[in-house]
Amino acid sequence: MLLALLVSGLVVALVVIGLFVFGLRRRLIQRSGGTFDCSLRWGVSEEPDVSGKGWVYGVARYSGDRIEWFRVFSYSPRPRRLLERSSIEVVARRAPEGEEELALLSDAVVLGCLHRGTRLELAMSEDALTGFLAWLEAAPPGQRVNVA
């Protein structure tokens with residue numbers, strides 16, 4: 001009986017610690033400011049896939065001339081993807097369709113992009129999209145910016 005209580009207490013403590021670390025990591029990512037919720041789907045085809053598969057929920061952070069994208073459900077302190085401003089080309093903008101609506105946040109807008117020849121999609125709120133497009137267009141003089 002005592003062993004069962006000890007094991008149960010240990011499991012509960014590990015779950016609480018795990019949740020605390022998730023929260024702490026997100027707080028540390030957002031500490032420097034310039035963050036927004038952003039789902040990402042990497043390596044998509046040219047035809048829109050409305051099945052909802054492949055979307056990964058994350059947090060993006062502006063860092064100079066690049067965006068650092070972090071998975072939400074990860075313990076890694078490093079970004080999963082780095083997107084350089086000069087390499088991002090916006091090719092499409094659309095509303096989520098079909099099962100995508102269930103996989104993404106309710107107010108999301110899907111932005112189709114090319115980054116160094118790789119097609120990707122970013123899903124973010126309308127406010128975050130406005131900031132993202134303004135950031136893209138605010139490139140230093142002489143840099144190529146492609147916004148559709």
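About the thresholds
- Residues numbered from 1 in each chain as written.
- Predicted model: local features only at pLDDT ≥ 70, side-chain atom pairs only at ≥ 80, totals over all residues.
- Heavy atoms only, no water.
- Pairing = 2+ DSSP bridges.
- Helix = DSSP H or I, 4+ residues; strand = E, 2+ residues; numbered from the N terminus.
- Axes fitted to C-alpha atoms, helices over the stretch in contact; angles between N-to-C directions.
- Contact = heavy atoms within 4.5 Å.
- Core = buried A, V, L, I, M, F, W, Y, C linked by side-chain atoms within 4.5 Å.
- Buried < 20%, exposed > 50% of the residue type's maximum accessible area, 1.4 Å probe, protein only.
- Salt bridge = Lys/Arg side-chain N within 4 Å of Asp/Glu carboxyl O.

J.: Sorry, what's going on with the sheet that holds strand 4 (residues 66-71) here?
T.: A sheet is described by the order of its strands in space; here four strands give the open sequence 1-3-4-5, paired in antiparallel fashion. With partners counted over all chains shown, the strands left at the sheet margins are strand 1 (35-37) and strand 5 (81-84), one partner each. Neighbour to neighbour, the strand axes of the sheet diverge by 25 degrees on average, direction disregarded. Taken together, the four bridges between strand 4 and strand 5 define a ladder with antiparallel strand orientation. The residue bridging Arg66 from the neighbouring strand is Glu84, located in strand 5. Packed onto the sheet, helix 1 (residues 2-31) meets strand 1, strand 3 (58-63) and strand 4 and runs at close to 25 degrees relative to strand 3. Together, strand 1, strand 3, strand 4 and strand 5 form the strand contacts of helix 3 (residues 126-137), whose direction differs from that of strand 3 by roughly 35 degrees.

J.: Explain the nonpolar core to me, please; I cannot follow it from the model alone.
T.: Grouped burial of nonpolar side chains is what soluble globular proteins tend to show. Formed by 21 residues in total, the largest nonpolar core has its most connected members in Phe36, Leu122, Met124 and Phe132. Only strand 4, strand 6 (88-94), strand 7 (108-115), strand 8 (118-125) and helix 3 provide two or more residues apiece to this core. If near-sequence neighbours (up to four positions away) are discounted, Leu122 is found in contact with Cys38, Ser39, Leu40, Trp55, Leu83, Val109, Val110, Leu111, Cys113 and Phe132. Counting five residues, the second largest nonpolar core, distinct from the first, contains Trp55, Ala108, Val110 and Ala123.

J.: Just checking my understanding: could you explain the pairing of strand 4 for this structure?
T.: Along any regular strand, the residues point their side chains to alternate faces of the sheet. Relative to strand 4, strand 3 runs antiparallel, the two sharing six bridges. When the bridges of strand 4 are listed, Arg61 appears paired with Glu68. Taking the residues that link successive antiparallel strands as the turn, the strand 3-strand 4 hairpin has two residues, and the phi of Gly64 there is positive, at about 65 degrees.

J.: How should I be thinking about the pattern of salt bridges in this particular structure?
T.: Side chains carrying opposite charge are able to pair once their charged atoms draw close together. All chains considered together, the criterion is met by nine salt bridges. The salt bridge partner of Glu100 is Arg41, with a shortest N-O separation of 2.8 Å. Taken together, the positions of Glu100 in helix 2 (residues 100-103) and Arg41 in strand 2 (residues 39-42) put the pair 59 residues apart, joining distant regions of the chain. Residue Arg94 is joined to Glu121 by a salt bridge in which the shortest nitrogen-to-oxygen separation is 3.1 Å. Here the residue Arg94 occupies a position in strand 6, and Glu121 occupies one in strand 8, the gap between them amounting to 27 residues. Of the two residues, Arg94 and Glu121, both sit in the buried class. Several salt bridges share partner residues, and in doing so they unite Arg41, Arg94, Glu100 and Glu121 into one network.

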